[in-house]
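Working through the structure, step by step
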Amino acid sequence: MPSMRILALFLLAIGFRHQGSAQQECSNGFEMDRISGQCLDVDECRTIAEACRGDMMCVNQNGGYLCIPRRSTVYRDPYASPYERPNAYPPPPAPVPAPNFPSASRPPLCRFGYTMDESNQCVDIDECLSETHQCNPTQVCINTEGGYTCSCTEGYWLLEGQCLDIDECRYGYCQQLCANVPGSYSCTCNPGFTLNTDGRSCQDVNECATENPCVQNCVNTYGSFLCRCNPGYELGDDGIACTDMDECSFSEFLCQHECVNGPGSFHCTCPSGYLLLDDSRSCEDIDECENRNNTCTVQQTCLNIQGAYKCLDPVRCEEPYMPINDNRCMCPAENTGCRDKPFTIVHRHMDMVSTRSVPTDIFQMQATTRYPGAYYIFQIKSGNEGREFYMRQTGPISATLVMTRPIKGPRDITLDLEMVTVNTVVNFRGSSVIRLTIFISPHSF
């Protein structure tokens, strides 16, 4: 070709098939068609960016490509006339004939991972179904186009070609208790809970609604339950049974008289002669004399005392005394038998509760007349053998009876309280006696 014409030719190679292995290969410039299994030419002018540079143009060839000028230069024939040369151009290059490949004498083969079917088409081989894969027992075979991949089953993860168990318990899959097992995990719940249908979360069990283990009252709590007892009962050591509470043992002041314990409660009682008040604990004396609920005769006088009553007979004055009124006896001065005896004896009565606190003033005695030059002496003449009383003089003409020791009833005590009158002016000495009968109740109220 003349030097004025610039032509660059890039012919890479001739395509061919390599037989003798399980996979068919194509030479450079050709690629395998999956359907037909034939080697087809590659259009490098479309697939290679800037295959030809500058002012060159790419022309595809079978198994290669050519780079030719986009515009041919003027061809000058040195032997032509000068007048013939200005517009002369060289003729275009002759086309390169396509290479003639020899046809294969044997049937085409499929590449690795494919097999020929009855219609001479290459179809994919399912290595997983035919068990021709090389996955280990802990892996799962997944078929792909022309091959396969080995993946791990659920609960495992792939590390350096090995499937290792995933410890799901580390990631808090379970709400409460988790037990890791190979390839999976198991959720359980604490006592008092049940596993939900999702297999992970736990729900509280209402023991009170299902089995009610309590003897009396059941209170459901989160994950458990509590037993409660009715008023008057206390919970046993087992936390379930209820036993009666002995309220009477708590305090001796719960009832004024007697506390009677009952199942789950208690009640107060009063002794005979008393009435239980509205507060259900206090006792009030019944006045049998006022209510006429007594057995006294017409001649007797009814004296109400705490919890009972006394029928008092009329006062009888013993010789040499003579009655002055209902409760007073007098010994006349002109009677020689009265010389050393008290001038008057006055009968009095009073009641008192048992074990009354001491010391306490219980009775007052006083002279009714005061004479010039006279003074008075008060003393207990009889009835104080137990020394439970003494007389404390509170003034020139008065004194008080003081109880010094608590006395437990029921008991009747008669004291002769004597007032001695001494007059030094007229040289007189005489006395008067109050005969005091004290009825002590058997109760302290």
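For the structure itself, look to the data block above.
Where strand S18 (residues 217-221) lies against strand S19 (residues 224-228), 5 bridges are found, and the strand directions are antiparallel. In the strand pairing of S19, cysteine 218 is matched with cysteine 227. If you look at the hairpin formed by S18 and S19, you'll find 2 residues sitting between the two strands, and glycine 223 has a positive phi there, around 85°.

Positionally, tyrosine 371 belongs in the loop between strand S31 (360-366) and strand S32 (374-382). Placed 52 residues apart in sequence, tyrosine 371 and asparagine 423 show a C-alpha to C-alpha distance of 8.0 Å. Excluding residues within four positions of it along the chain, tyrosine 371 makes contact with Tyr376 and Asn423.

So, about the packing of aromatic side chains. Applying the stated criterion across every chain yields a total of 4 aromatic pairs. Judged by centre distance (6.2 Å) and plane angle (40°), the ring pair of tyrosine 171 and tyrosine 173 falls under tilted. Through successive ring pairs, a cluster of aromatic residues spans Tyr171, Tyr173 and Tyr185.

In this structure the tally under the stated criterion is 20 disulfides. Paired through a disulfide, cysteine 110 and cysteine 122 show a sulfur-sulfur distance of 1.9 Å. For the disulfide bridge between cysteine 110 and cysteine 122, the dihedral angle about the S-S bond is near -90°, and by the sign convention the bridge is left-handed. Highlighted residues: cysteine 110 in the loop between strand S7 (64-69) and strand S8 (114-116) and cysteine 122 in strand S9 (residues 122-124), separated in sequence by 12 residues.

In this section: the sheet that holds strand S29 (residues 328-330). Pairing is mixed across the open sheet formed by 6 strands, whose spatial order is S28-S29-S30-S36-S35-S32. Here the strands that pair on one side only, and so sit at the sheet edges, are strand S28 (322-323) and S32.

We now examine empty space enclosed by the protein. Here the structure, examined in full by the defined rule, presents 1 cavity of 30 Å³ or more. Empty space within the largest cavity amounts to approximately 70 Å³. Together, Met32, Asp33, Arg34, Gly37, Leu109, Cys110, Arg111, Tyr114 and Cys122 line the largest cavity. Tallied by class, the residues present in the lining of the largest cavity amount to 5 nonpolar, 1 polar and 3 charged.

This next bit is on the layout of surface pockets. Computed from the structure, the largest pocket encloses a volume of approximately 920 Å³. Along the walls of the largest pocket sit 37 residues, with Phe343, Thr344, Met419, Ser431 and Ser432 positioned nearest its centre. Where the lining of the largest pocket is concerned, the elements lending two or more residues are strand S30 (344-352), S31, S32, strand S35 (411-423) and strand S36 (428-440). Sort the elements by how many residues they give to the lining of the largest pocket and S36 lands first, with 7 residues. Split by residue class, the lining of the largest pocket holds 18 nonpolar, 11 polar and 8 charged. Taken as a whole, the second largest pocket spans an internal volume of roughly 650 Å³. Lining the second largest pocket are 26 residues, with Pro314, Val315, Arg316, His347 and Arg435 positioned closest to its centre. Partitioning the lining of the second largest pocket into residue classes produces 11 nonpolar, 5 polar and 10 charged.

Let's shift gears to the side chain of glutamate 168. One can find glutamate 168 in the loop between strand S13 (162-165) and strand S14 (177-181). One buried charged residue, glutamate 168, forms no salt bridge at all, with the nearest opposite charge on arginine 170 at 10 Å. Here glutamate 168 is in contact with Gly155, Tyr173, Asn180, Gly183, Ser184 and Tyr185, once residues within four sequence places are set aside.

Two pairing modes exist for strands in a sheet, parallel and antiparallel, and in both the strands are linked by backbone hydrogen bonds. Taken in spatial order, the 3 strands of this open sheet run S31-S34-S33, and their pairing is antiparallel. Each edge of the sheet is formed by a strand with only one pairing partner; in this case those strands are S31 and strand S33 (389-395). Neighbour-to-neighbour, the strand axes of the sheet open up by a mean angle of 30°, direction not taken into account. Sheet topology places S31 next to strand S34 (residues 398-403); 6 bridges connect them, and they run antiparallel. The partner of phenylalanine 363 across the bridge, within S34, is leucine 401.

Next up on the list: unusual backbone geometry. Between glutamate 319 and proline 320 the backbone carries a cis peptide bond, its omega angle lying at 5°. On the secondary structure map, proline 320 appears in the loop between strand S27 (308-312) and S28. Omega for the bond connecting valine 358 with proline 359 falls within 30 degrees of zero, at -10°, which places this linkage in the cis form. Inspection of the secondary structure assignment puts proline 359 in the loop between S30 and S31. The backbone of glutamate 131 shows a phi angle near 55°, a positive value even though the residue is not glycine. You can see glutamate 131 is positioned in the loop between helix H2 (127-130) and strand S10 (139-144).

A few words on the environment of leucine 277. Structurally, the position occupied by leucine 277 is in the loop between strand S24 (274-276) and strand S25 (283-285). Given the relative accessible area of 34%, leucine 277 is considered partly exposed.

Another point: the nonpolar core. If you look at the biggest cluster of nonpolar residues, it comprises 23 residues, and the most contacted ones within it are Ile362, Phe389, Leu401, Leu417 and Ile438. Those elements giving two or more residues to this core turn out to be S30, S31, S32, S33, S34, S35 and S36. Not counting chain neighbours up to four residues away, the residues in contact with phenylalanine 389 comprise Ile362, Ile380, Asn384, Leu401, Val402, Met403, Thr404, Ile407, Ile413, Leu415 and Ile438.

Taken as a whole, this structure holds 5 salt bridges when the rule is applied. Residues arginine 53 and glutamate 50 are paired through a salt bridge, measuring 3.4 Å at the closest nitrogen-oxygen approach. Assessed through its relative accessible area of 62%, arginine 53 is described here as exposed. Between aspartate 412 and lysine 310 there is a salt bridge, with its nearest N and O atoms 3.5 Å apart. Of this pair, aspartate 412 sits in strand S35 while lysine 310 sits in strand S27; the two residues are 102 residues apart in sequence, bridging distant segments of the chain. Residue aspartate 412 is classed as partly exposed on the basis of its relative accessible area, which comes to 46%.

Calculation rules
Residues numbered from 1 in each chain as written. Predicted model: local features only at pLDDT ≥ 70, side-chain atom pairs only at ≥ 80, totals over all residues. Heavy atoms only, no water. Pairing = 2+ DSSP bridges. Helix = DSSP H or I, 4+ residues; strand = E, 2+ residues; numbered from the N terminus. Contact = heavy atoms within 4.5 Å. Phe/Tyr/Trp six-rings, centres within 6.5 Å; stacked < 30°, edge-to-face > 60°. Disulfide = S-S within 2.5 Å. 1 Å grid on protein atoms, 1.4 Å probe; cavity = no way out; pocket = protein on both sides within 12 Å on 5 of 7 lines; lining within 4 Å. Points joined across faces, edges and corners; volume = space filled by probe spheres on them. Nonpolar A, V, L, I, M, F, W, Y, C, P; charged D, E, K, R; others polar. Buried < 20%, exposed > 50% of the residue type's maximum accessible area, 1.4 Å probe, protein only. Lys, Arg positive; Asp, Glu negative; His and termini not counted. Salt bridge = Lys/Arg side-chain N within 4 Å of Asp/Glu carboxyl O. Axes fitted to C-alpha atoms, helices over the stretch in contact; angles between N-to-C directions. Core = buried A, V, L, I, M, F, W, Y, C linked by side-chain atoms within 4.5 Å.

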